[in-house]
Amino acid sequence: LCADCVPFSYADFHTDFLAGKALAVGCPKLDDLQFYQEKLTEMITASNIKSIQVLHMEVPCCYGIVHAAEEAIKASGRDIPLEKVQFGVRGDLKE
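One structure accompanies this document, and this report is about it. Please read all numbers here as calculations on a predicted model, not as lab measurements. (Residues numbered from 1 in each chain as written. Predicted model: local features only at pLDDT ≥ 70, side-chain atom pairs only at ≥ 80, totals over all residues. Heavy atoms only, no water.)

**As for the pairing of strand β4 (residues 82-87)**
Counted only if it meets this: Note on pairing: DSSP must find at least two bridges between two strands before they are called paired. The numbering of helices and of strands both runs from the N terminus, where a helix is a DSSP run of H or I of at least 4 residues and a strand a run of E of at least 2. By convention, orient the strands away from the viewer: a clockwise path from the first strand over the helix to the second makes the crossover right-handed.
Sheet topology places strand β3 (residues 52-57) next to β4; six bridges connect them, and they run parallel. Within the sheet, the bridge partner assigned to Ile52 lies in β4 and is Leu82. At this point the chain moves from β3, through helix α4 (residues 63-76), to the parallel β4, and the crossover so formed is right-handed.

See the structure below:
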């Protein structure tokens, strides 16, 4: 799961984060987070997702996508790992 600004700020996004993974992208500031949370809950419930990695920027609005993922996992009733990866506004990895 990726905030839509991340690939523009981190040059090696595709190489470092996409190999062998499915991708969902959204903007926690401009899009409907409730919709994202509901859709993510459906995806987790209906599939065999083993973990979720959330890539987000360090700006406050971007934490909405992390929250949506956390709430979707809770609502799904599944116990799957959630990894949060934060990027700085200059494209640096903040982990």
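**Quick notes on the packing of aromatic side chains**
When we look at a pair of aromatic rings, we describe it by the centre distance and by the angle of the planes. Note the following rule: Only rings of Phe, Tyr and Trp enter the pairing, Trp through its six-membered ring, and a pair is recorded when the two centres are within 6.5 Å. The plane angle decides the type: under 30 degrees is stacked, over 60 is edge-to-face, the rest tilted. Buried, partly exposed and exposed residues are distinguished by accessible area as a fraction of the type maximum, computed with a 1.4 Å probe on protein chains only: under 20%, between the cut-offs, and over 50%, respectively.
Tallied over the full model, the rule gives five aromatic pairs. Here Tyr10 and Phe87 contribute two aromatic rings whose centre-to-centre distance is 5.0 Å and whose plane-to-plane angle is 55°, an arrangement assigned as tilted. Separated by 77 residues along the polypeptide, Tyr10 in the loop between α1 (6-9) and α2 (13-17) and Phe87 in strand β4 bring together distant segments of the chain. Look at Tyr10 and you get buried, because its relative accessible area is 13%. One aromatic cluster is present, built from ring pairs that chain together Tyr10, Phe13, Phe17 and Phe87.

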